[in-house]
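# Chain and residue survey
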Amino acid sequence: MPSLRLTVPLTLAALLAVACSGDEPTAQSDQAPKAGAEESAAPDPAGAASEPTAANTEAPSTHKEPEVSIPVPADVAAAPADATTTSSGLAYKVLKAGTGTEKPTARSKVTVHYSGWTTDGKMFDSSVTRGETISFPLNGVIPGWTEGVQLMVAGETTRFWIPAAMAYGERPRRPGAPAGMLVFDIELFEFTTPPPPPP
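First things first, this report covers the structure right here in the doc. Remember, it's a predicted structure, so these values are computed and weren't measured experimentally.

### Quick notes on the overall build of the protein chain
- When helices and strands are counted, the protein chain shows 4 helices and 8 strands.
- Scanning the protein chain from its N terminus toward the C terminus, one meets helices and strands in the order α-α-β-β-β-β-β-α-β-α-β-β.
- Across the 199 residues that make up the protein chain, the buried fraction comes to 50%.
- By element, 57% of the accessible surface of the protein chain is carried by carbon and sulfur atoms, the whole surface being about 8,800 Å².

Have a look at this one:
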């Protein structure tokens with residue numbers, strides 16, 4: 001689905017490591033989103049592997065904020081009836097509307113706050129409780145994140161129910177990675193999108 005100064009939290013490291021891994025997916029992604037793979041070497045929606053780049057291997061930048069506690073969502077066990085489900089199986093619900101009009105692409109570098117839970121209500125990672133936002137290339141994380149954050153605008157907070165196949169898998173190979181469907185609350189602060197590569 002990983003403090004952030006000299007060391008990166010386990011789950012976050014897993015999210016970012018997925019883009020640099022040479023492992024072939026087998027049933028689902030070990031860290032951030034990709035359908036149909038146990039672990040995804042490249043978390044793009046199609047599930048194809050990509051070579052590591054400077055953009056998706058650089059250390060994430062962070063911004064320190066006061067620590068807070070986060071309650072477990074009441075709908076953590078399953079997506080509610082009013083959630084929207086994409087063709088990939090990713091479900092989402094906007095919790096707070098954003099103010100932006102543009103949306104990031106898979107090549108964008110995003111700055112977010114996030115909290116993640118397993119369906120039994122256990123929080124496994126949160127930038128909010130650490131008091132640090134995180135910035136990273138969107139094509140350097142699991143498929144569920146790559147697809148989901150592209151649906152957001154700046155200022156928006158959205159809850160995502162990410163199937164195991166788009167997250168870390170039912171039986172993650174990386175120690176400490178959460179298994180099964182995962183629930184993330186993501187707040188998108190800002191993003192930058194590089195110009196397209198020359199033809």
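Still more ground to cover, so stick around.
### With respect to the pattern of salt bridges
- The full count for this structure, using the stated rule, is 6 salt bridges.
- The residue Lys 96 makes a salt bridge to Glu 187 at a minimum N-O spacing of 3.4 Å. Here the residue Lys 96 occupies a position in strand β3 (residues 91-96), and Glu 187 occupies one in strand β8 (residues 182-192), the gap between them amounting to 91 residues.
- In this structure, the salt-bridge partner of Arg 130 is Asp 125, at a minimum N-O distance of 2.5 Å.
- For Arg 130, a relative accessible area of 13% corresponds to the buried category.
- Of the residues examined, Asp 125 reaches a relative accessible area of 6% and is grouped as buried.
- One network of salt bridges, with partners in common, ties together Asp 75, Arg 159 and Asp 185.

### Points about the nonpolar core
- Judged by nonpolar contacts, the single largest core of 24 residues is most densely connected at Val 112, Trp 145, Phe 184 and Ile 186.
- The set of elements that each furnish at least two residues to this core consists of β4 (109-118), β6 (132-137), α4 (143-149), β7 (157-162) and β8.
- When residues of this core are assigned to their parent elements, the largest contribution, 4 residues, is made by β8.
- Listed in part, the 6 residues of the second largest apolar core include Val 76, Ala 83, Trp 117 and Val 183.

### Overview of the packing of aromatic side chains
- If you walk through the whole model with that rule in mind, you get 7 aromatic pairs.
- With a centroid separation of 6.2 Å and an interplanar angle of 35°, the aromatic rings of Tyr 92 and Phe 160 are classed as tilted. Residue Tyr 92 is located in strand β3, and its partner Phe 160 is located in strand β7; the two are separated by 68 residues in the primary sequence.
- Look at Phe 160 and you get buried, because its relative accessible area is 1%.
- Ring plane angle 85° and centroid distance 5.6 Å describe the contact between Phe 124 and Phe 184, whose orientation is recorded as edge-to-face. Taken together, the residues Phe 124 in strand β5 (residues 123-126) and Phe 184 in strand β8 connect sequence positions 60 residues apart. Taken as a pair, Phe 124 and Phe 184 share a single burial class, namely buried.
- Taken together, the ring pairs in this structure connect Tyr 114, Phe 124, Phe 136, Trp 145, Tyr 168 and Phe 184 into an aromatic cluster.

### Details of the pairing of β6
- Of all 6 residues in β6, 6 are buried; the element is thus mostly enclosed.
- The side-chain alternation of β6 yields two buried faces, one formed by Glu 132, Ile 134 and Phe 136 and the other by Thr 133, Ser 135 and Pro 137.
- Summarising the sheet, β4 and β6 pair through 4 bridges and their orientation is antiparallel. Looking across to β6, one finds that Val 110 is bridged to Phe 136.

### So, the side chain of His 113
- Residue position: His 113 is located in strand β4.
- A polar atom in the side chain of His 113 sits 2.7 Å from the side chain of Ser 127.

### Looking at the environment of Phe 124
- Relative accessible area serves as the criterion here: at 19%, Phe 124 is assigned to the buried category.
- In this structure the C-alpha to C-alpha distance between Phe 124 and Gly 176, which are 52 residues apart in sequence, comes to 9.2 Å.

### What to know about the pairing of β4
- With 9 of its 10 residues buried, β4 lies for the most part within the structure.
- From the end of β4 to the start of β5, which pair antiparallel, there are 4 residues, and Gly 121 there has a positive phi angle of about 90°.

Definitions and limits used
- Residues numbered from 1 in each chain as written.
- Predicted model: local features only at pLDDT ≥ 70, side-chain atom pairs only at ≥ 80, totals over all residues.
- Heavy atoms only, no water.
- Helix = DSSP H or I, 4+ residues; strand = E, 2+ residues; numbered from the N terminus.
- Buried < 20%, exposed > 50% of the residue type's maximum accessible area, 1.4 Å probe, protein only.
- Areas by Shrake-Rupley, 256 points an atom, 1.4 Å probe, with all protein chains shown as cover.
- Salt bridge = Lys/Arg side-chain N within 4 Å of Asp/Glu carboxyl O.
- Core = buried A, V, L, I, M, F, W, Y, C linked by side-chain atoms within 4.5 Å.
- Phe/Tyr/Trp six-rings, centres within 6.5 Å; stacked < 30°, edge-to-face > 60°.
- Pairing = 2+ DSSP bridges.
- Polar contact = N/O pair within 3.5 Å; in protein donor to acceptor, adjacent residues only side chain to side chain.

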